[in-house]
Each structure stands twice: as structure tokens, then as C-alpha cells.
Amino acid sequence: YDPRFIHDEAARFIEENIRLFPNALTGPIDPSKSPLSRGDFPSTGQDSCSSPQEGRLGRVRLSPSYAIVGFNVLNETEKQLFQYLKTNADTYFYWDYDPRFIHDEAARFIEENIRLFPNALTGQGRSGGVQIEIVGASTDSAQSSFANQWLKQHIQSPLNTNAIVLADENMLQTVLHTLPECPLNITMGYPLRQTPIASFIQALIDLQTRGFSRKGDGTMFHAYVTPVLRHPYTLQLDHKESARIFKYMREHNTTYVRPSLFASSTLLSRIFTPVPESQILPYLIDLIKQAGIANKHADPLTIESIFTAYQLLNTLRDTLDPSKSPLSRGDFQTTDQDSCSSPFEGRLGRVLLSLLNSKTIAFHGEPANGLQVMGMLETRNLDFRNLIILSANEGMLPKASHMPSFIPYFLRDVHRLTTIEKQTSLYAYYFYRLLQRADNVALVYNNYTEGLRKGEMSRFLLQLQLDQGRSGGVPYTLNSKLYTLNSTLIYSPNTAMTRKVEYMGRPRQDWQG
């Protein structure tokens with residue numbers, strides 16, 4: 001607080017704070033007395049700003065030679081480190097760079113790297129061309145169907161030279177159901193939120209937090225009863241009684257459901273009985289355990305998803321121990337606490353649903369074998385002979401990202417921090433580098449426009465069309481076409497998932513019964 005600068009309206013709060021709590025800051029801070037300046041507590045930013053010669057590297061005994069491989073975007077610390085190694089040791093830099101493929105936007109970083117650290121690789125160009133197809137499909141299912149047909153025509157041995165790249169990783173479930181019969185290696189996780197257990201937990205939370213009457217008589221509103229009663233896991237636990245009660249509700253047009261309807265089933269009575277907020281997590285854990293016992297002979301995806309949710313809830317229960325957690329005791333008030341009908345709904349419920357939305361189920365596979373299924377960022381430093389990229393739409397390739405930050409854009413740009421342009425250049429490099437050694441490439445995009453979703457192909461695909469035939473440009477043959485899904489094709493997701501997919505870990509015996 002400096003009264004020469006902060007006065008009138010700006011000093012409205014600071015003056016009251018000083019009156020209540022006298023200011024201990026009487027003069028300017030001496031930088032030499034700061035623990036950060038003395039080096040007692042080195043920070044990430046401090047290490048990035050100081051040169052390697054000033055830090056620990058000046059005292060490190062170097063090896064005679066070094067090889068720098070696999071880098072693309074270099075931050076300032078890496079540049080100084082590489083410059084130090086270049087000056088003090090025999091250092092060889094290997095940049096994966098073919099100027100016929102990587103140019104303009106994609107070469108934003110790699111050209112600077114080569115200027116600072118000359119490339120030790122020579123003869124990276126290829127003699128043959130690339131066969132590229134640009135395919136427009138109206139739905140995600142049509143993209144997956146085309147991928148199945150295209151792979152049957154082009155897949156070659158060994159399988160690890162063939163890859164499916166998902167620019168939109170939400171397409172994983174659709175793609176898994178339509179892939180040809182062959183071993184797979186999937187580098188991304190399966191989202192737990194897309195499994196039935198996640199919707200089961202959501203329906204149970206809604207029932208306990210919103211579904212019961214405030215009169216305290218156990219009466220429930222039908223809109224919260226029906227999703228639980230008709231859920232596949234509830235039907236598995238007690239199909240006969242669930243069907244009977246639902247039939248009764250439909251025939252009598254029941255709006256408010258009495259708890260006496262569930263008296264004939266012990267399990268349904270347990271589900272449709274209100275529990276205190278402190279017991280909601282044990283309530284959910286018990287019902288998930290019952291669902292796991294009922295599905296112990298189901299397909300691997302179902303078993304692993306239930307087990308993952310079971311582990312997640314147990315971990316959350318241990319973390320939010322009422323005797324230890326300020327969140328559970330209510331010491332910290334939340335902004336939405338007053339607007340929510342239940343504290344669980346406003347605090348723990350949101351924490352739980354956030355965890356469910358972010359959790360993934362890891363796939364088990366052998367990286368050196370099988371057809372490769374991966375996201376765009378997982379393709380770094382990998383080459384494939386036959387490659388198909390799905391969801392190659394603008395906004396997906398490159399990924400449209402909004403980086404929440406308190407640092408304004410112009411400051412990020414001046415100080416060489418990450419910006420949207422740098423991320424776009426990074427995606428451009430990954431995209432064009434994939435084309436360097438490929439023989440057959442299919443680029444599939446969704447051409448259907450609905451609402452705010454525009455069926456526009458990626459700017460990278462448009463650039464390929466513009467560069468076709470350019471002297472000294474990319475050596476490829478380009479074809480464009482539209483693909484329509486045959487509506488008579490029928491796929492069996494459960495059979496495909498059981499046959500093709502294995503998962504990391506195996507469920508424990510204590511929850512399977």
C-alpha cells in the first residue's frame with residue numbers, strides 16, 4: 001500500500017484492513033534477503049530464468065559425447081542446456097524434418113532448432129509418394145465404418161505399422177465396435193463416464209439428493225425413481241420386482257411413489273430408502289458392490305468399469321473422513337452451498353461427479369504388436385505405413401483449446417510462454433511428420449453441420465489440397481470423396497468389446513463375492 005498512488009476509491013478496503021490489522025511492511029523489500037534469491041528454495045520459474053552455467057551444470061562432469069533425439073518445441077532452459085552441451089562436449093542433434101512435408105506453420109519451431117543446433121541427420125527425403133484420401137462422412141458411425149473397410153483393404157504385416165489416430169478421442173467407443181478382427185494396442189484410456197456404472201451412480205445421487213419429499217415420509221417423485229428403477233443394473237439385481245413396480249407406476253400414472261411399493265424386495269427397499277448425507281458414500285459403495293457381484297461373469301469392460309468405480313468411491317470415502325476433512329465438517333463454505341437443496345449435492349456430489357468424469361480405464365496391450373489406436377499427441381516420433389486419421393475437422397485438428405490463465409496473451413507472447421499459435425504449430429508439425437514415411441493415408445472428417453457444430457475439414461486438409469502439384473512441394477497423390485453409411489449394417493458392441501479388448505488389472509475377490 002502506497003498512499004501516494006492508492007487513494008479515494010482505490011483505498012476503500014485497504015485502509016479498513018490496515019486499521020483492523022496494522023501493516024508490518026514499513027519499507028521496500030530487499031531482494032538480497034529473499035530465500036528465493038539466496039537459492040534456499042529453488043523454484044521452477046527460477047530454474048527457467050537462470051542459465052545452466054550459473055546453476056548446477058557448471059559443476060557437473062560431462063560425458064565425452066551426447067545425442068539429442070526426439071525434441072521439437074524447446075523452452076529457454078532446454079536451449080541453454082543444449083547450447084552448453086554443444087560448447088563443452090561432442091553433441092549430435094537429430095531433428096526429424098523433411099522440408100517437402102514440414103513447411104510454413106509446421107516448421108515454426110523446427111527451423112529455429114536447426115539454425116541453433118545443426119541437424120546430424122541427412123537424406124531424410126523419400127523417393128516415392130504418398131497415397132492420400134480425403135473422405136467426408138456425415139456421422140461418427142460412418143467414419144468408423146469407413147475405417148473398418150479401409151483397414152481391411154490396406155492393413156499389412158506387421159500390424160504395428162498400421163494406425164488409427166483419433167483427433168477426437170471421444171470416438172474411441174464407436175471405433176472399437178467396428179474395427180476388424182485383429183490384436184489391438186490402445187494408448188488412451190476408456191472414459192469411465194461413458195460406462196453404465198457412471199449413469200447408475202448419477203441416478204442414485206439424484207434420487208438421494210432431490211428425489212425424496214421434504215415431508216420426511218419417504219415419498220419419492222417419479223422422475224427420480226424411474227431412471228434408477230429402469231437402469232440395467234437395477235434390473236439385474238431384481239428384474240421381476242422392478243418390472244412389476246414400473247408397470248404399476250405406468251398403469252396408475254403415479255406421480256409420487258410410496259415406499260411401500262418396494263416392501264416386497266429387500267434390495268429395492270435398500271435402494272429407495274433415504275439415507276443421511278454422511279451415509280451416501282457407504283450407500284453407493286454397497287450398491288456398486290452388489291452390481292459387481294451380479295456382473296462377475298460379464299464382459300471385461302463391464303467388470304473393470306464397476307471395479308474402477310468401486311475403488312474410486314472407497315478412496316473418496318477415506319479421503320473425506322468426517323473426523324479429518326474440513327470439507328465434510330463444513331468448515332469451508334462453498335459459493336453454491338446456499339443454492340443447493342443438499343450439502344452433498346453442492347460439495348461432495350460435485351467432487352464425486354468430477355472424479356467420475358475425469359477417470360479413465362487403462363487398456364492392456366503390447367506396444368510392439370497389434371493395430372495401433374491412439375490420439376494425436378501419442379504419435380510423436382512414430383512412423384506408420386498405413387494411417388487413417390478420424391475427426392479431421394477444424395476445431396479438432398488442430399485442437400481448439402482455451403487456456404485459462406491470469407497472464408494476458410501479449411505477456412505470454414513476449415516472454416515466450418505457451419500461446420494458441422504455438423499449440424497450433426505443434427499440431428501442424430505432428431500432422432505433417434506423420435505423412436513423411438507413410439504409404440497410404442486416409443483423412444476422414446465429419447461434413448455434417450448442426451447447430452454450432454460446423455462440418456468443416458481441418459485447415460491442414462485444405463493446405464494439402466492447395467499444395468497438390470506444387471513444384472518442390474509434398475510428393476503425394478490426393479483423392480477426395482464422400483462416404484455414406486449403409487443403414488443395413490448392424491454391429492454387436494458387446495461381442496466386439498469382449499472379443500477385442502483387455503484391461504489393466506483384475507478385479508479383487510472381496511467385491512465379487
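Keep in mind that what you see is a predicted model, and the values were worked out from it rather than measured. (Residues numbered from 1 in each chain as written. Predicted model: local features only at pLDDT ≥ 70, side-chain atom pairs only at ≥ 80, totals over all residues. Heavy atoms only, no water.)

Asker: Now, about the overall build of the protein chain: what can you tell me, with residues and values included?
Answerer: Within the protein chain, the regular secondary structure consists of 22 helices and 13 strands. Across the 513 residues of the protein chain, 41% fall into the buried class. Contacts in the protein chain between residues far apart in sequence, at least 24 positions, make up 76% of those at least 6 positions apart. Counting only carbon and sulfur atoms, one obtains 53% of the accessible surface of the protein chain, whose full area is about 28,300 Å². (Helix = DSSP H or I, 4+ residues; strand = E, 2+ residues; numbered from the N terminus. Buried < 20%, exposed > 50% of the residue type's maximum accessible area, 1.4 Å probe, protein only. Contact = heavy atoms within 4.5 Å. Areas by Shrake-Rupley, 256 points an atom, 1.4 Å probe, with all protein chains shown as cover.)

Asker: Give me the side chain of R412: which residues, what numbers.
Answerer: Topologically, R412 is positioned in helix α18 (residues 409-414). A polar contact of 2.9 Å, which involves the side chain of R412, links it to the backbone oxygen of T418. (Polar contact = N/O pair within 3.5 Å; in protein donor to acceptor, adjacent residues only side chain to side chain.)

Asker: Break down the packing of helix α8 (residues 196-211) against helix α9 (residues 222-229) for me, citing the residues and quoting the values.
Answerer: The packing of two helices is summarised by the inter-axis angle and the distance between the axes. Following both chains from N to C, one finds α8 and α9 inclined at 160°, their axes separated by 9 Å at the closest point. Taken together, the axes of α8 and α9 lie roughly antiparallel to each other. Between α8 and α9 the crossing geometry is left-handed. On the side of α8, the interface is formed by A203, L204, D206, L207, R210 and G211, while α9 contributes Y224, V225, P227 and V228. Taken together, the residues of the contact of α8 with α9 break down into 7 nonpolar, 1 polar and 2 charged. (Axes fitted to C-alpha atoms, helices over the stretch in contact; angles between N-to-C directions. Parallel < 35°, antiparallel > 145°, perpendicular 65-115°, else oblique. Left-handed = near helix turned anticlockwise from the far one by under 90°. Nonpolar A, V, L, I, M, F, W, Y, C, P; charged D, E, K, R; others polar.)

Asker: Which residues make up the sheet that holds strand β11 (residues 386-390), and what values go with them?
Answerer: The 7 strands lie next to each other as β5-β10-β4-β11-β12-β3-β13, forming an open sheet whose pairing is parallel. One side of each edge strand has no neighbouring strand; the edge strands of this open sheet are β5 (184-186) and β13 (476-483). For this sheet the average axis-to-axis angle between neighbouring strands, irrespective of direction, equals 15°. With 8 bridges connecting them, strand β3 (residues 130-137) and β13 associate as parallel partners. Bridge pairing in β13 places E133 opposite N479. Contacts between helix α6 (residues 140-154) and the sheet are confined to β3, β4 (162-166), β10 (371-375), β11, β12 (440-446) and β13, with β12 contributing the most and set at about 170° to the helix. Contacts from helix α19 (residues 420-435) reach β3, β11 and β12 within the one sheet, and its direction differs from that of β11 by about 150°. (Pairing = 2+ DSSP bridges.)

Asker: Requested: an account of the pattern of salt bridges, with residues and values cited.
Answerer: Applying the stated criterion across every chain yields a total of 11 salt bridges. Among the salt bridges present, the one from D96 reaches R433, with a minimum N-O distance of 2.7 Å. Of the two residues, D96 sits in the loop between β2 (90-94) and α5 (110-116) while R433 sits in helix α19, which places them 337 residues apart along the sequence. Assessed through its relative accessible area of 15%, D96 is described here as buried. Note on R433: relative accessible area 1%, which makes it buried. (Salt bridge = Lys/Arg side-chain N within 4 Å of Asp/Glu carboxyl O.)

Asker: Any details on the packing of aromatic side chains? Residues and values, ideally.
Answerer: A full pass over the atoms with the stated rule returns 14 aromatic pairs. The positively charged end of R230 is found above the aromatic ring belonging to F246, 4.4 Å away from the centroid. (Phe/Tyr/Trp six-rings, centres within 6.5 Å; stacked < 30°, edge-to-face > 60°. Lys NZ or Arg CZ within 6 Å of the ring centre and 35° of its normal.)

Asker: Tell me about the confidence of the model for the protein chain, and name the residues and values.
Answerer: Per-residue confidence for the protein chain gives a mean pLDDT of 79, with 78% of residues at or over 70. Ignoring residues within four places in sequence, the model shows residues 331-341, a span with pLDDT below 50, making 10 contacts including any to other chains. (pLDDT = per-residue confidence, 0-100.)

Asker: With reference to specific residues and values, describe a nonpolar patch on the surface.
Answerer: Judged by side-chain polarity, I407, Y409, F410, L411 and L417 come together as a nonpolar surface patch covering roughly 460 Å² of accessible area. As for its placement among the helices and strands, L417 is situated in the loop between α18 and α19. Taking relative accessible area as the criterion, L417 reaches 34% and is therefore assigned partly exposed. (Patch = residues over 30% accessible without salt bridge, like charges linked within 9 Å, V, L, I, M, F, W, Y side chains within 5 Å.)

Asker: Describe the nonpolar core, naming the residues involved and giving the relevant values.
Answerer: I201, F262 and F272 are the most contacted members of the largest nonpolar core, which has 70 residues in total. Per-element tally for this core: the top contributor is helix α13 (residues 280-294), with 8 residues. Residues within four places of F272 in sequence aside, it is in contact with L207, F212, M220, V225, V228, L229 and F262. F101, A106, I132 and Y445 belong to the second largest nonpolar core, which has 45 residues in total. (Core = buried A, V, L, I, M, F, W, Y, C linked by side-chain atoms within 4.5 Å.)

Asker: Can you lay out the pairing of β10 for me, pointing to particular residues and giving the numbers?
Answerer: Judged by how many residues are buried, β10 sits mostly within the fold: 5 of 5 residues are covered. Pairing between β4 and β10: 4 bridges, direction parallel. Bridging from a neighbouring strand, V165 pairs with M374 of β10.

Asker: Before we move on, can you summarise the environment of N447 with the specific residues and values?
Answerer: Residue placement: N447 occurs in the loop between β12 and α20 (459-467). N447 sits in the partly exposed class, given a relative accessible area of 28%. In the structure, N447 is positioned 35 residues away from L482 in sequence and 9.0 Å away in space, judged by C-alpha atoms. If sequence neighbours within four positions are ignored, N447 has contacts with G136, A137, S138, G455 and L482. Among the polar contacts listed, one links the side chain of N447 to the backbone nitrogen of S138, at a separation of 3.4 Å.

Asker: How would you summarise unusual backbone geometry if you had to cite specific residues and measurements?
Answerer: Backbone torsion omega between S157 and P158 reads -5°, so that peptide bond is classified as cis. Within the secondary structure, P158 is located in the loop between α6 and β4. A cis amide bond links L397 to the next residue, P398, at an omega of 5°. For P398, the position within the fold is in the loop between β11 and α18. Phi is positive for N253, close to 50°, though the residue is something other than glycine. Here N253 lies in the loop between α11 (239-251) and β8 (256-257). You can call N253 exposed: its relative accessible area is 65%.

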